[in-house]
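If you want the building blocks of each chain, they are given just below.
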Amino acid sequence: MPKQYSPTDSEARWYEFWETSGYFAASEDPEDHRPTYTLAIPPPNVTGSLHMGHACRTTFEDVLCRHKRMQGYNTLWVPGIDHAGIATQVVVERQLKKEGLTRHDLGREKFIERVWQWKEESGGRILQQLRKMGASCDWPRTKFTMDPDMVRAVREAFVQLHEEGLIYRDTRLVNWDVESRTVLSDLEVEQEENVEGTMFDFAYRLADGDGEVVVSTTRPETMLGDTAVAIHPDDERYRHLHGKYVRHPFVDRMIPVILDAELVDPEFGTGVVKVTPAHDPNDFATGKRHGLEEINIFNLDGTLNENGGTFQGLERFEARKAVENELANLGLARGSKKHMMTLPRSHRSGTIVEPMISTQWFVKMKPLAAPAIKAVEDGTIQILPPEWSKTYFHWLRNIQDWCISRQLWWGHPIPAWYCDDCDHVTVSREDATACGGCGGTSIRQDDDVLDTWFSSGLWPFSTLGWPEKTLALERFYPTADMETGYDILFFWVARMVMMGLHFMGEVPFTRVLLAGLVTDERGEKMSKVKGNVVDPLDVIYGATGEELIAKAEQAGAKKSGIKYLRATYPDGFAAYGADALRMTLLSYSPQSRRIALSMKRIEGYRNFANKLWNASRYALMRLTGSSTKASQECPQPNALANRWVLSRLYQALDVASTGLDAYRLDEASGALYHFVWDEFCDWFLEVSKPALDSGDPALVQETEATLAHALETVLRALHPMMPHITEEIWQRVPKWADAPPSIMISRFPSALVDAKVDRQAERDFEVVQAFVGSARTIRAEHDVPKSEPMKIHWHTDDEGKRAVLEAERSTIETLARCEMCFEADAAKLDDAAAHFDNAAVFVNPGVRAAVPGVIDTEKERDRLQRDLKKVEKELGVVEKKLGNPSFVERAPEAVVDKSKRDASELREKRQRLEAALNSL
RNA sequence: GGGCGGGUAGCUCAGUGGUAGAGCGCUGGCUUUACACGCCGGACGUCGCAGGUUCGACCCCUGUCCCGCCCA
C-alpha cells in the first residue's frame, strides 16, 4: 500500500464493481420479505450538469440509502431526470440560433423532434456525473418525465382532476413572460425589491369644463389601457369630481371617475389613481367591482397592440418614453420623482413580468391543500428541520389556484380538444378524434403544455408505475424520505404531498429532509457570472488554477469573478476525491440554511481519508503474518487500552446511529471522524505498538484482535459516508470466514446490540492520558529534546489510580518517553525543590509528580503562575456558587456534589502549585 | 406589511439551563519506520445590544439593532 491514498482510480474501480454486481438493485422478488426503504431522487433537469447542490443532495441521499441497505432494508433509490420545460426549450433554441434558425422556422413537430434528438445525444449527462459521487441508485429504473409511461400518468392525473372539477379553464389576469412568451405560475415570479424607479405624474383633463386631475404612475405606458380614474369616496378634495369623466388624451375614450375605498389611499400621492384593469392585479379587481372595460394594450411579445393607437408596435419600455414625451408635449406632464419599488421578474428569463388577461388552465388548490396540511399537522409527514413546517402551513393555508398551462412547445401536451362547431371542450385520456359534445370531427388539441412541476408532482408514484397497479408501486409506495432543497418546498414538495394524497390516498413520503443551499466560502450564491462556481468534478478529480479560470471565462464570468477566482484558488484544487467531498458536505449542519463550502475544509477531509488509509496501512502491516482476523463479535480483551478503545468505538457508533436516524449526518460523521483520528489513531494505535512488540502472546493476540475488530467495524460505520475508501481498505482486512464480498452489503454495525461500553476502562485510561499529557507539556515547555529521557517521580494516595499507572507503566513510558518512579514518600513531592534538582512539577487529579533536571526556572515560574491563575479563577467561581445558600438548597444534588468535588480538587491543585512556586 | 433563519475564537461553523467547542488559520517544537495530507505542545472568545425569569443563562422570555431568505 502506498503512503498516500489516491482516490481517483480507486473510486472508479469500486463503483463499477458495485454496479456490475447488482448491489444497487432493489428486489421485487415476491419471496423477499425484508422491510423496504425507498427514496425518489429529486430529478435533476435534463439540461443540468452537476453542481454543488446536486453533490450535496446526492451525498445525503446516498448516505441514507447505503445506511438502510446495510441495515437489511430492501432499498430502492429511484433515479430520474426532469424534462424541464422552459430550460430545455431555451437550450435547443439557442442551438438553433447558431444555425440562424428559430423554432418557428422548424415548426412545432420538427422542433420537438429536435429536442428529443438533443436529449438522446447530450441530455442527462448529469446521471453519469452522479455516479462519480458514488450514488447507489437503481439505475435500470431511471425515469424521464417525458417517458411514455410518465405521459400516461400525467394524462391520467389531468383527466381525473378535470373530471372531479379540480382542473378548469378561466380567463383572468396572469403573469406573462414576454421573453419566453408564456404564462407563469405565481411561484415562478420573483419580486425584486428596492428597485429605484420613477414616479411620473400627469394630468387627465375633465371632459366638461377645464379642470384636471393629476395621477401618479411608475408605468406611464399603461395609461393607454386606462378605463377609469379612482378617488376615495370620502375625499373632500375631490367631491366635485363625483360622477364626472375625464378625456383620454391619445385615444378617443371618455374615462369615468369612480369611487373606490379599497383601491385608493387618499394619503398616497395625489389621492387619485389611474385604473388599468388589464395590466395590474389591483386594478383588475377594481375593474371587476365596477364593471370596467378591460383593454389589453400589449401583444404577447410585449410590444403595443392596436389599442396603443399611435404607439402601436413600440416595445413596452420605448412606449413608456414615448408616452411621457407626448404627455409633456401636450402640457400634461406634472413632474416626476424617484420612487423605490418592487419589480416582478420571471424566475427563468429574468425579464419583467407583465400582468395580462388571458385564458388558461388552473388547478383548484384549496381542496387539495387541506389534506396536505393535515398530514403534516398530525405527524404523518415529518418535516426536518421542523421550523419549515410553519412555512409549509403558511403557504398552503393561503394557497391560490395553480396556473398549469404554459405556452411552450416542449412539455406534456394538455389533453384537451376544442371543437370548431360547438363550445364543448373535450378532455380525454386517449387522443380525441371527435368532439365529446356534438360529435363533430373538426377538433384541434390545445396548443399549450403543462407546467413542468405538474409532472414532477406525481414523481413518487408515477416512477413506480402508476396508474398501473404494479408490484413496485405496491411494495415501495409510500416512499420513506424526501430529501431536497428548501427552495423547492412549494414548487415540488407541497405539490407531491397534495398529488400523492389525492391519487394514492396516502402520503408520498413520511419524512421531508430539507437541506441548505451551497454557497461559496464567502456565503455568496454560486453563479457563473460571479466566477465563484465550484464544480464538484473539479474537486473530485482536481484542476489547476489555469483550468479553473479558463472554465469560468468560458462560462461568462465577469472580470471581478475571475479576479476572485485567481485570488482564492491560485493553485486550483488537488484531486480530493468524492469521499472527501462527501464528508465535507456531511459535516455541515443540516439545520443551517447556508452551506458556505470551504476548500480548506475539503482539504481537511482529504487529509482524514489519508489518515484512515495510513492507520489501516499500519493495522494491516501488523496483522500480516498473524492468524488474527477481524471478528464480527466484539472481542473481550483484558488490557486497558484495548478495553478503552472498544468502549469508545461503541459509543461513537451509538452517536453515529442516532445521527443517521435523526438526519443529523453532521453529528454522525463527526463522531466517527473524531473517534478515528483523536482516539483510534492518536491513542490506541500508539499504545498498540508497545503491546504488539511486547512478546507477551496473550497481549499480542488480544491487541491484534482489538485492532482488527475496531478497524473493520469503523470502516463499516463509515461506509455510507465514504463508500469508496472504506471498500478499498475493507477488501484488504482479514475477516471472518463467511464475510460478504463487499462492504456495501455487509451489516451496519449496531451499537445497541453489541454495546461494549466500559466506564471503568474509560476512567482509568483518562488517568493515563492525563499523565502522558502532563509529561508532554513539561517536555515541550522546557524544551527537553525527545531523545532525552525524563525521569518522573510521582505519587498518589488513590490506590486505584496507583494500580492503573503501575499497570500501564510501559505504555506511559513509551508515549511520554519517560521513566516512571513511584515515590512512596508524599512529603518529598510536597517540597519538590528540596528533594529533586531543578524539578518541574505537575498536578493531575489525585496524582502529582516531579520531573527533575529539566527546568528553566523562569519558564517554570511563568507556567506555574499561569496554571495557578487559571485554577484560582475557576476556584473563585465554584466557591462563590457554593457560598450561595440558595444554590446549595435549590440546585440538584448531583450538581452541588460535583461543585464540591471540583472545589476540593481545585484547592488541592492550588496548594500544590503554590508549594511548587514557593520552592522555586 | 407578515413570517422565518442567523449574529459564538482571525475565518467557516457546532453546541448545552450548571465554570465555552471543532476544523482551518496563527504560534513553539519534532526526519518518533502508519501518515509532514503527519506528530507533540501553546495562544486566542465579557457567545450582537439592553432588560427580565432562575440558585444559576451563551442557551428560556421581552425589547432592540444589524445580516439573509420567503410570502404578500
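If you're wondering where the values come from, they're calculated on a predicted model, not measured in any experiment.

### A word on the overall build of chain A
Working step 1: Secondary structure summary: chain A contains 33 helices and 29 strands in total.
Working step 2: Computed over C-alpha atoms, the radius of gyration of chain A comes to 37 Å, more than 25% over the 29 Å expected from 2.2 N^0.38 for 920 residues, which places it beyond the range of a compact globule.
Working step 3: Across its three principal axes, chain A shows a C-alpha extent of roughly 115 × 70 × 60 Å.
Working step 4: Buried positions account for 55% of the 920 residues belonging to chain A.
Working step 5: Sequence separation of at least 24 residues holds for 76% of the intrachain contacts in chain A that already meet a minimum separation of 6.
Working step 6: When the accessible surface of chain A is totalled, it reaches about 40200 Å², and 48% of it is carbon and sulfur.
Working step 7: Distance between charge centroids for chain A: 3 Å, based on 112 positive and 140 negative side chains.

### Considerations on the pairing of strand S22 (residues 481-485)
Working step 1: With respect to burial, S22 is a largely interior element, five of its five residues being buried.
Working step 2: As for the winding sense of the linkage, the β-α-β connection from S22 through helix H15 (residues 489-504) to strand S23 (residues 511-515) is right-handed.

### Side note on the protein's contact with RNA strand B
Working step 1: Within the structure, RNA strand B sits among 49 residues, and Gln-4, Arg-593, Arg-617, Lys-786 and Arg-890 are positioned closest to it.
Working step 2: Counting only the atoms of RNA strand B that lie within 4 Å of the protein, the sugar and phosphate share comes to 61%.
Working step 3: In this structure, a base oxygen belonging to RNA strand B sits 3.0 Å away from a side-chain N or O atom of Arg-606.
Working step 4: For RNA strand B, a sugar or linking oxygen lies 2.9 Å from a polar atom in the side chain of Asn-607.

### Comments concerning the nonpolar core
Working step 1: Counting residues in hydrophobic clusters, the biggest one holds 215 residues, and the most contacted among them are Tyr-392, Leu-396, Phe-454, Met-498, Phe-680 and Met-721.
Working step 2: It is helix H22 (residues 665-692) that contributes the most residues to this core, 13 residues altogether.
Working step 3: For Met-721, the contacting residues outside a window of four places in its chain are Val-63, Arg-582, Met-583, Leu-586, Leu-660, Ala-668, Ser-669 and Leu-672.
Working step 4: Residues Val-183, Val-229, Val-323 and Leu-327 belong to the second largest nonpolar core, which totals 35 residues.

### Comments concerning the pattern of salt bridges
Working step 1: Counting across every chain of the model gives 52 salt bridges.
Working step 2: The closest approach of N and O atoms between Arg-141 and Asp-138, which form a salt bridge, is 2.8 Å. Both residues of the pair, Arg-141 and Asp-138, count as buried.
Working step 3: Asp-226 is the partner of Lys-274 in a salt bridge, and the nearest nitrogen-oxygen pair spans 3.0 Å. Of the two residues, Lys-274 is situated in strand S12 (residues 272-275) and Asp-226 in the loop between strand S8 (212-217) and strand S9 (228-231); the sequence distance between them amounts to 48 residues.

### Re unusual backbone geometry
Working step 1: Along the chain, Leu-384 connects to Pro-385 via a cis peptide bond; the corresponding omega equals -10°.
Working step 2: Cis geometry is found at the peptide bond from Trp-466 to Pro-467, where omega equals 5°.
Working step 3: Within the secondary structure, Pro-467 is located in the loop between helix H13 (459-462) and helix H14 (471-476).
Working step 4: The phi dihedral of Arg-817 is positive, around 50°, even though this residue is not glycine.
Working step 5: One non-glycine residue, Asn-838, lies in positive phi territory at about 45°.
Working step 6: For Asn-838, the location among the structural elements is in the loop between helix H30 (832-835) and strand S28 (840-844).

### Focus: the sheet that holds strand S19 (residues 425-427)
Working step 1: Strand order in this open sheet of three strands is S19-S18-S20, and the pairing throughout is antiparallel. The open sheet has two edge strands with one neighbour each: S19 and strand S20 (443-445). If you compare each strand with its neighbour and ignore which way they point, the axes differ by 30° on average.
Working step 2: Sheet topology note: the strand S18 (residues 416-419)/S20 ladder contains three bridges and is antiparallel. Considered in S20, the bridge of Trp-417 is made with Gln-445.

### Some words on the packing of helix H19 (residues 578-587) against helix H24 (residues 723-730)
Working step 1: Put simply, H19 and H24 touch, their axes get as near as 7 Å, and they point 125° apart. By the angle between their directions, the pair H19 and H24 is classed as oblique. The segment H19 lies against H24, with Ala-578, Asp-579 and Arg-582 engaging Pro-723, His-724 and Ile-725.
Working step 2: Split into classes, the residues belonging to the contact of H19 with H24 amount to three nonpolar, one polar and two charged.

### Brief notes about the sheet that holds strand S6 (residues 182-184)
Working step 1: With respect to topology, four strands assemble into an open sheet ordered S6-S5-S14-S16, the strand pairing being antiparallel. Of all strands in the sheet, those bounded by a partner on one side alone are S6 and strand S16 (402-403).

### Focus on the environment of Ala-915
Working step 1: Along the chain, Ala-915 turns up in helix H33 (residues 893-918).
Working step 2: A relative accessible area of 27% places Ala-915 in the partly exposed class.

The rules behind these values
Residues numbered from 1 in each chain as written. Chains lettered and ligands numbered in written order. Predicted model: local features only at pLDDT ≥ 70, side-chain atom pairs only at ≥ 80, totals over all residues. Heavy atoms only, no water. Helix = DSSP H or I, 4+ residues; strand = E, 2+ residues; numbered from the N terminus. Rg over C-alpha atoms; globule rule 2.2 N^0.38 Å. Buried < 20%, exposed > 50% of the residue type's maximum accessible area, 1.4 Å probe, protein only. Contact = heavy atoms within 4.5 Å. Areas by Shrake-Rupley, 256 points an atom, 1.4 Å probe, with all protein chains shown as cover. Lys, Arg positive; Asp, Glu negative; His and termini not counted. Charge placed at Lys NZ, Arg CZ, Asp CG, Glu CD. Right-handed = clockwise from strand over helix to strand, strands pointing away. Near = heavy atom within 4 Å. Polar contact = N/O pair within 3.5 Å; in protein donor to acceptor, adjacent residues only side chain to side chain. Core = buried A, V, L, I, M, F, W, Y, C linked by side-chain atoms within 4.5 Å. Salt bridge = Lys/Arg side-chain N within 4 Å of Asp/Glu carboxyl O. Pairing = 2+ DSSP bridges. Axes fitted to C-alpha atoms, helices over the stretch in contact; angles between N-to-C directions. Parallel < 35°, antiparallel > 145°, perpendicular 65-115°, else oblique. Nonpolar A, V, L, I, M, F, W, Y, C, P; charged D, E, K, R; others polar.

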